[in-house]
Amino acid sequence: MTTWPSPTDTLRHDSGVAVLDKASLLLSVLEDGPASVSRIVALTGLTRPTAHRLALALQRLRLVTRDARGRFLLGPRLGEMAVVEHGDRMLEQTAPVLTELRDATHSSARLHRRCEDRQLCVAAAEAADAEEDAVPVGTAAGLWTGPVAQVLLAWEEPDVLYQGLARSRFTAAMLAQVRHRGWAQGSGGPAVDAATLAVPVRGPGGRVVAALSLSGPRTGPRVREFTATMIDAAMRLGEACDG
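These numbers were taken from a predicted model, which means no experiment stands behind them.

K.L.:
Which residues make up the overall build of the protein chain, and what values go with them?
P.N.:
Helix and strand content of the protein chain: 10 helices and eight strands. Put simply, the protein chain has 243 residues, and 48% of those count as buried. A fraction of 55% describes how many contacts in the protein chain between residues 6 or more apart in sequence connect residues 24 or more apart. On the protein chain, roughly 12100 Å² of surface is accessible, and the fraction owed to carbon and sulfur atoms is 52%.

The structure is reproduced here in structure tokens:
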């Protein structure tokens, strides 16, 4: 049985300011997906009152949010700032494409950008029954698990790719399969409980600039049907990309 390293095994938290180090430790747990206070305590060694107090403070700052089950997850604030800074012109064309994809598949359609070592949801059209698995725009997740992360890493330069693999829950061989077939399927990432299909969005020169994902209970059984629809939508988004 493979044992994956916890965030505290691989990240250092030594800014010299104790409360910042504790907040950083908490956020590193959430990079791996939604977590209850109990899970945060187990992975960080923080006391339960401290973990809960920090999580609520970060929630007020919108650095952390909560899902329908009350679990904490990375919030939208940093993601929103990143989108504004990049001035993403492709987003101007994204809403109608995602809405059309959602209506055709009855699944949640989302667009993700890579932001350093995170996958960032920059646009979404949520399915009507996706309340528990909804992913707010600006939500960030780690790049080491899930189909979206695989798509965002699979076509990177070798040095970037292998750096990403250092903490990932997938292998170089799995990324080779993604490159071969042109899409990734599974679970994980922001919507950890939903079946997810992801395809690359290519900008000028064929460079992968984003990942288009489809998530929901219908996605897994109908992957072949949905893949062609998603590739068409990704091509339309790529045509609007400024690179």
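Now that the structure is up, let's keep going.
K.L.:
Tell me about the environment of S215, and please be specific about residues and values.
P.N.:
Here S215 lies in strand β8 (residues 208–215). Residue S215 is classed as buried on the basis of its relative accessible area of 5%. Along the chain, S215 and A134 lie 81 residues apart, while their C-alpha atoms are 9.5 Å from each other. Polar side-chain contacts of S215 include one of 2.8 Å to the side chain of T196.

K.L.:
Please set out unusual backbone geometry residue by residue, giving values where relevant.
P.N.:
In this structure, R62 takes a positive phi of about 65° despite not being glycine. Looking at the element boundaries, R62 is found in the loop between α4 (48–60) and β1 (64–66). Overall, R62 belongs to the partly exposed group, its relative accessible area being 38%. Even without being glycine, H106 reaches a positive phi, approximately 60°. Relative to the helices and strands, H106 is located in the loop between α6 (94–105) and β3 (108–115).

K.L.:
Can you explain the pairing of strand β4 (residues 118–125)? Please cite residues and give values.
P.N.:
Regular strands show a simple pattern: their side chains alternate between the two faces of the sheet. For β4, the tally of buried residues reaches six of eight residues, placing the bulk of the element in the interior. Adjacent in sequence and paired antiparallel, β3 and β4 are bridged by two residues, among which E116 carries a positive phi angle near 55°. In this sheet, strand β5 (residues 140–142) lies alongside β4 in antiparallel orientation, the contact comprising three bridges. Each residue of the ladder has a partner; that of R118, found in β5, is G142.

K.L.:
Residue-level account of the environment of L120, with values.
P.N.:
Take L120: it is sitting in strand β4. For L120 and G138, which are 18 residues apart along the polypeptide, the C-alpha to C-alpha distance reads 6.2 Å.

Quick notes on the rules
Residues numbered from 1 in each chain as written. Predicted model: local features only at pLDDT ≥ 70, side-chain atom pairs only at ≥ 80, totals over all residues. Heavy atoms only, no water. Helix = DSSP H or I, 4+ residues; strand = E, 2+ residues; numbered from the N terminus. Buried < 20%, exposed > 50% of the residue type's maximum accessible area, 1.4 Å probe, protein only. Contact = heavy atoms within 4.5 Å. Areas by Shrake-Rupley, 256 points an atom, 1.4 Å probe, with all protein chains shown as cover. Polar contact = N/O pair within 3.5 Å; in protein donor to acceptor, adjacent residues only side chain to side chain. Pairing = 2+ DSSP bridges.

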